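Now for the letters of each chain:
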Amino acid sequence: MTTRQRHIAHLHLHGPPTEDRYGDAVELMRGVTPHTQAVPPDAVHLDLTSALRYFDLSPYDVVQLAKIRLKALYGIDSSAGLAGNRMLATMAADASAPGETTWVPAERAAEWLRPRPVTALPGIGRATAATLARHGLHTIGQITALPPSTLQRLLGTGQARLLAERARGHDPRPVTPREPAAHLSVDLVFDRDCLDPAEQHRAVLELADQTGRRLRGEAQVTGRLTLVARYADRSSTTRTRALPEPTDHFPALADTALGLLGTLGLQRARVRSFAIRADDLSPAGTAHRQLSLDPRDIRARAVEAAADRARRRFGPQAVRPAALTDGHRDRGRTPTSTPPSPPR
């Protein structure tokens, strides 16, 4: 019995659209195929396999139909990639000029990948690319031609195996139809209005730590953080920033949260509370993670996992990040948290 070939499209919406308009676009795509997965803030995956018989069109023509509907109904321009899996479709969309569609049929996938730069693969950061470049490895074809043992000596067993799979165009992740991702939020209310920048800094770090623990406990990652500061006069300020990649790792969450704090300009503000909301949640097992050659990152994640196990056994205060264990611990703050909102 042969396996039916999948046809996956990745549409990149140019603009980018507002949040409401993006929701309209995702709903419109569900009229093309029910197997539609939102990729906020400006992309969408479509599994066209079951839609081909309904429209009696080729995969390429169904993609063009989807793009025409976006333009005609909402004025949204888009570029697209079409391939046999999500990774290849996304790479094809990235290689497409605005308005164009790049189709990579399964029988041509290896040929299409071969001359492309290694950095076109998801998860290849500067450190990994630099290591490969030092050994004359610049293209995906050079990676696939390399003996597995050689690649393992360069990157380590786990990372070498993952890179080899991606270089060969393998991606088993399905398009998962779901409503826009739920979010989770944590709040920290000061007992007294806070004017101290150092205390505000610590409060945001503490919220980032809580967010990471919640995400890891629920096996989810977040692609976007929102920081809300509420003031003594009942006004508030909100800042939002997308993360470089979906994550549940405290250092990445803390860097983003503190970056948002720095944009608030709280020189003399009387802060009543802070809240962090994690949006664009997705299962940790389905998220692409950038390959890292930094042993400090590997050790940090191992320590984080061990700390989580200790907290589950001995309580949430058993282990804390070093930045939160000085003499100011828990002074004048009442942390609370809000459970994830259910899918709509």
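Computed from a prediction, not measured in an experiment: that's the story for all the values here. (Residues numbered from 1 in each chain as written. Predicted model: local features only at pLDDT ≥ 70, side-chain atom pairs only at ≥ 80, totals over all residues. Heavy atoms only, no water.)

Peer 1: For this particular structure, what's the right way to read the overall build of the protein?
Peer 2: When helices and strands are tallied, the protein shows 12 helices and 11 strands. Counting the 344 residues in the protein, one finds 45% classified as buried. A sequence separation of at least 24 residues applies to 70% of the contacts in the protein between residues at least 6 apart. On the protein, roughly 17700 Å² of surface is accessible, and the fraction owed to carbon and sulfur atoms is 53%. (Helix = DSSP H or I, 4+ residues; strand = E, 2+ residues; numbered from the N terminus. Buried < 20%, exposed > 50% of the residue type's maximum accessible area, 1.4 Å probe, protein only. Contact = heavy atoms within 4.5 Å. Areas by Shrake-Rupley, 256 points an atom, 1.4 Å probe, with all protein chains shown as cover.)

Peer 1: Explanation requested: the sheet that holds strand β2 (residues 36–39) in the structure shown.
Peer 2: Adjacent strands of a sheet form backbone hydrogen bonds with each other and so pair up, either parallel or antiparallel. Here we have five strands laid out as an open sheet, ordered β2-β3-β1-β4-β5, and mixed in their pairing. In the strand order of this sheet, the two ends are held by β2 and β5 (101–103), each with one partner. Going across the sheet, the axis of each strand differs from the next one's by a mean of 15 degrees, ignoring polarity. The pairing of β2 with strand β3 (residues 43–47) spans four bridges and is classified as antiparallel. (Pairing = 2+ DSSP bridges. Axes fitted to C-alpha atoms, helices over the stretch in contact; angles between N-to-C directions.)

Peer 1: I would appreciate a short explanation of the pairing of strand β7 (residues 220–231) in the present structure.
Peer 2: It is a general feature of regular strands that their side chains alternate between the two faces of the sheet. Among the 12 residues in β7, 10 count as buried, and that is most of the element. Two strands pair when backbone bridges link them, and β7 and strand β10 (residues 282–283) are joined in this way by two bridges, in the antiparallel orientation. Pairing of Val221 across the sheet is with Ser282, part of β10. Alignment of β7 against strand β8 (residues 236–247), held across eight bridges, turns out to be antiparallel. Considered in β8, the bridge of Leu225 is made with Arg241. Adjacent in sequence and paired antiparallel, β7 and β8 are bridged by four residues, among which Arg234 carries a positive phi angle near 75 degrees. Here β7 runs beside strand β9 (residues 271–279); their pairing, made up of eight bridges, is antiparallel. Within the sheet, the bridge partner assigned to Ala229 lies in β9 and is Phe274.

Peer 1: Looking at this structure, how should I read the packing of helix α6 (residues 126–134) against helix α8 (residues 148–155)?
Peer 2: A pair of packed helices can be characterised by two numbers: the angle between their axes and the separation between those axes. One way to put it is that α6 packs onto α8 with a least axis distance of 10 Å and a crossing angle of 125 degrees. Taken together, α6 and α8 sit at an angle that is classed as oblique. Considering only the axes of α6 and α8, their crossing is right-handed. Of α8, the residues touching α6 (which contributes Thr128, Thr131 and Leu132) are Leu151, Leu154 and Leu155. Per-class residue counts for the contact of α6 with α8 are four nonpolar, two polar and no charged. (Parallel < 35°, antiparallel > 145°, perpendicular 65-115°, else oblique. Left-handed = near helix turned anticlockwise from the far one by under 90°. Nonpolar A, V, L, I, M, F, W, Y, C, P; charged D, E, K, R; others polar.)

Peer 1: Any chance you could explain the nonpolar core here in plain terms?
Peer 2: Note on soluble globular proteins: their nonpolar side chains tend to be buried together. Counting residues in hydrophobic clusters, the biggest one holds 30 residues, and the most contacted among them are Leu225, Leu227, Leu266, Phe274 and Ile276. When residues of this core are traced back to their parent elements, those giving at least two are β6 (184–194), α10 (197–217), β7, α11 (250–262) and β9. Those residues in contact with Leu225, other than ones at most four positions away along the chain, are Arg239, Thr240, Arg241, Leu243, Leu253, Thr256, Ala257, Leu260, Ile276, Arg277 and Ala278. If you look at the next biggest cluster of nonpolar residues, it comprises 27 residues, including Val104, Leu113, Leu121 and Leu137. (Core = buried A, V, L, I, M, F, W, Y, C linked by side-chain atoms within 4.5 Å.)

Peer 1: Whenever I open this one, the confidence of the model for the protein confuses me. Can you help?
Peer 2: Where the model shows low pLDDT, its predicted coordinates should not be examined in detail. The pLDDT averaged across the protein works out to 84; a share of 82% of its residues lies at or above 70. Note that residues 327–344 has pLDDT below 50 and, in this model, 50 contacts with residues that lie over four places away or in other chains. (pLDDT = per-residue confidence, 0-100.)

Peer 1: Explain the side chain of His45 to me, please; I cannot follow it from the model alone.
Peer 2: Position of His45 relative to the elements: it lies in strand β3. A distance of 3.2 Å separates polar atoms of two side chains, one belonging to His45 and the other to His10. Here Arg86 takes part through its side chain, which lies 3.5 Å from a polar atom of the side chain of His45. With residues near it in sequence (within four places) discarded, His45 still touches Ala9, His10, His35, Thr36, Gln37, Val39, Arg86, Thr90 and Val175. (Polar contact = N/O pair within 3.5 Å; in protein donor to acceptor, adjacent residues only side chain to side chain.)

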